[in-house]
Each structure stands twice: as C-alpha cells, then as structure tokens.
Amino acid sequence: MESAALGSSGTLYSFATVFLHHGDLEPPFTIGEVQLDAGPLIRVTMASVEPELSIGETVHAIWHVARTDEYGDEVVEPVFVGGV
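Residues numbered from 1 in each chain as written. Predicted model: local features only at pLDDT ≥ 70, side-chain atom pairs only at ≥ 80, totals over all residues. Heavy atoms only, no water.

### A look at the side chain of Glu 57
On the secondary structure map, Glu 57 appears in the loop between strand 3 (41-45) and strand 4 (58-68). One buried charge, Glu 57, has no salt-bridge partner; the nearest side chain with opposite charge is Arg 43, at 17 Å. Setting aside chain neighbours within four positions, we find Glu 57 in contact with Gly 10, Thr 11, Leu 12, Glu 52, Gly 82 and Gly 83. (Helix = DSSP H or I, 4+ residues; strand = E, 2+ residues; numbered from the N terminus. Buried < 20%, exposed > 50% of the residue type's maximum accessible area, 1.4 Å probe, protein only. Lys, Arg positive; Asp, Glu negative; His and termini not counted. Salt bridge = Lys/Arg side-chain N within 4 Å of Asp/Glu carboxyl O. Contact = heavy atoms within 4.5 Å.)

Below, the structure written as structure tokens:
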C-alpha cells in the first residue's frame, strides 16, 4: 500500500437518513456513498440531514468540528455537502 492524494469531490451514489442509532452520532443524520472523482467509492457522513439530495448529484467535502477532546483540542472530520 502507498499513500495517494484524493480530491474532495465526487458523485453521490446512494444515501440514507438514520433516525434510530445507538452510537456516537446523534440521529437523525445522513450517510452517503460517494464515487470520488479520483476513483474510489467511499462511505461518508453528509453535513446535515438533506432531503433535497439526489443520486448523481455532485458533492464535496468540508471540514466539520466533530467534538472537543480531553485536552480541549477540536477534533475535525470531513463531511460532504451537495450543491457544488
């Protein structure tokens, strides 16, 4: 395996909104599969519950503060938004 730079945009392949979840994320939230322009199909968290999403739409990643750790540092992760 080797490192490879991947772009942050792609095409929404599928998505589903989760309303009942026992884990770290507070529902409702939307999970999507995005075919990155660079090639791989990845599973992602969408930035918000977006009922206006549509399969085939172009989406891109933005940085989102997920939480603050025990040292007071922000933990960020990419989330995807539509309407590029």
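### Things to note about the pattern of salt bridges
Inspection of every chain in the model, using the stated rule, returns one salt bridge. Glu 33 is the partner of Arg 43 in a salt bridge, and the nearest nitrogen-oxygen pair spans 3.2 Å. On the criterion of sequence distance, the pair formed by Arg 43 in strand 3 and Glu 33 in strand 2 (residues 29-36) is long-range, its members being 10 residues apart.

Coordinates in, geometry out; function isn't part of it.
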